[in-house]
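Descriptive structure summary
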Amino acid sequence: TLESKTLKSKSTRVIRRWTMQALAQSLDTWHTHAHTQNRQRHVMGKIIKRITHMAASTAIDSWKQHMRDATHEHAKNQRTLYVARKIVARMMCKVLSETVETWRWTVQEIQQDREAESRREKVKRTIITRMMNHSLVIVVEVWRAYVSVQKANTFKM
């Protein structure tokens, strides 16, 4: 029947429209939700990027500060080393000066000892020479006396 066909056709169109509206509404909801998720993903990506950049920036800043501190510490150590070397050089100069002075004094003492020994040797030689000369004079005198006695004894005979 025509009426039943018409009713069936109209009800099918109404059901189809409701189905399409429900489907469209669910697709719109899904689209909105997907768009929101995509937007949140994008915002979260930006946040993560910012945090990562901040962490990298903080790491780089702390590395720069560490390098500044290390450079400052190195310069301080170099200055300390330079000062220590100068102190050691001065001490070495002083020690070297004292060593040279001690050596000079020792050489002077040895030279004075040698000169004193030389004077003593000269005096000894002079005394020995005089003693030998005196002994020689005595020996010569004794020999002369002996020769005189011998001559006198020879003529008496």
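Residues numbered from 1 in each chain as written. Predicted model: local features only at pLDDT ≥ 70, side-chain atom pairs only at ≥ 80, totals over all residues. Heavy atoms only, no water.

1. A look at the overall build of the protein chain
Scanning the protein chain from N- to C-terminus turns up 1 helix and 0 strands. For the protein chain, the spread of C-alpha atoms along the three principal axes comes to 220 × 30 × 5 Å. When the accessible surface of the protein chain is split by element, carbon and sulfur atoms take 64% of a total near 15,100 Å². (Helix = DSSP H or I, 4+ residues; strand = E, 2+ residues; numbered from the N terminus. Areas by Shrake-Rupley, 256 points an atom, 1.4 Å probe, with all protein chains shown as cover.)

2. Side note on a nonpolar patch on the surface
A contiguous nonpolar patch, built from Val43, Met44, Ile47, Ile48 and Ile51 and spanning about 430 Å² of accessible area, is present on the exposed surface. Relative to the assigned elements, Met44 resides in helix α1 (residues 2-156). (Patch = residues over 30% accessible without salt bridge, like charges linked within 9 Å, V, L, I, M, F, W, Y side chains within 5 Å. Salt bridge = Lys/Arg side-chain N within 4 Å of Asp/Glu carboxyl O.)

3. Thoughts on the pattern of salt bridges
Side chains that differ in sign of charge can pair as their charged atoms come close. Scanning the entire structure with this criterion turns up 4 salt bridges. Notably, a salt bridge pairs Glu101 with Arg104, separated by 2.5 Å at the nearest N-O pair. Here Glu101 pairs with Arg104, and both are found in helix α1, just 3 residues apart, close to one helical turn. Residue Glu101 is classed as partly exposed on the basis of its relative accessible area of 40%. For Arg104, a relative accessible area of 41% gives the class partly exposed. Across the salt bridge formed by Arg120 and Glu117, the nearest N and O atoms sit 2.7 Å from each other. Here the residue Arg120 and the residue Glu117 both occupy positions in helix α1, the gap between them amounting to 3 residues, near one helical turn. (Buried < 20%, exposed > 50% of the residue type's maximum accessible area, 1.4 Å probe, protein only.)

4. Remarks on the environment of Val142
Assignment of secondary structure puts Val142 in helix α1. Taking the relative accessible area as the measure of exposure, Val142 reaches 52% and is therefore exposed. Taking the C-alpha atoms as reference, Val142 lies 150 Å from Gln37; in sequence the two are 105 residues apart.

5. Section: a positive patch on the surface
Taken together, the side chains of Lys10, Arg13, Arg16 and Arg17 present a region of like positive charge at the surface. Lys10 gets classed as partly exposed once you look at its relative accessible area, which sits at 48%. (Lys, Arg positive; Asp, Glu negative; His and termini not counted. Charge placed at Lys NZ, Arg CZ, Asp CG, Glu CD.)

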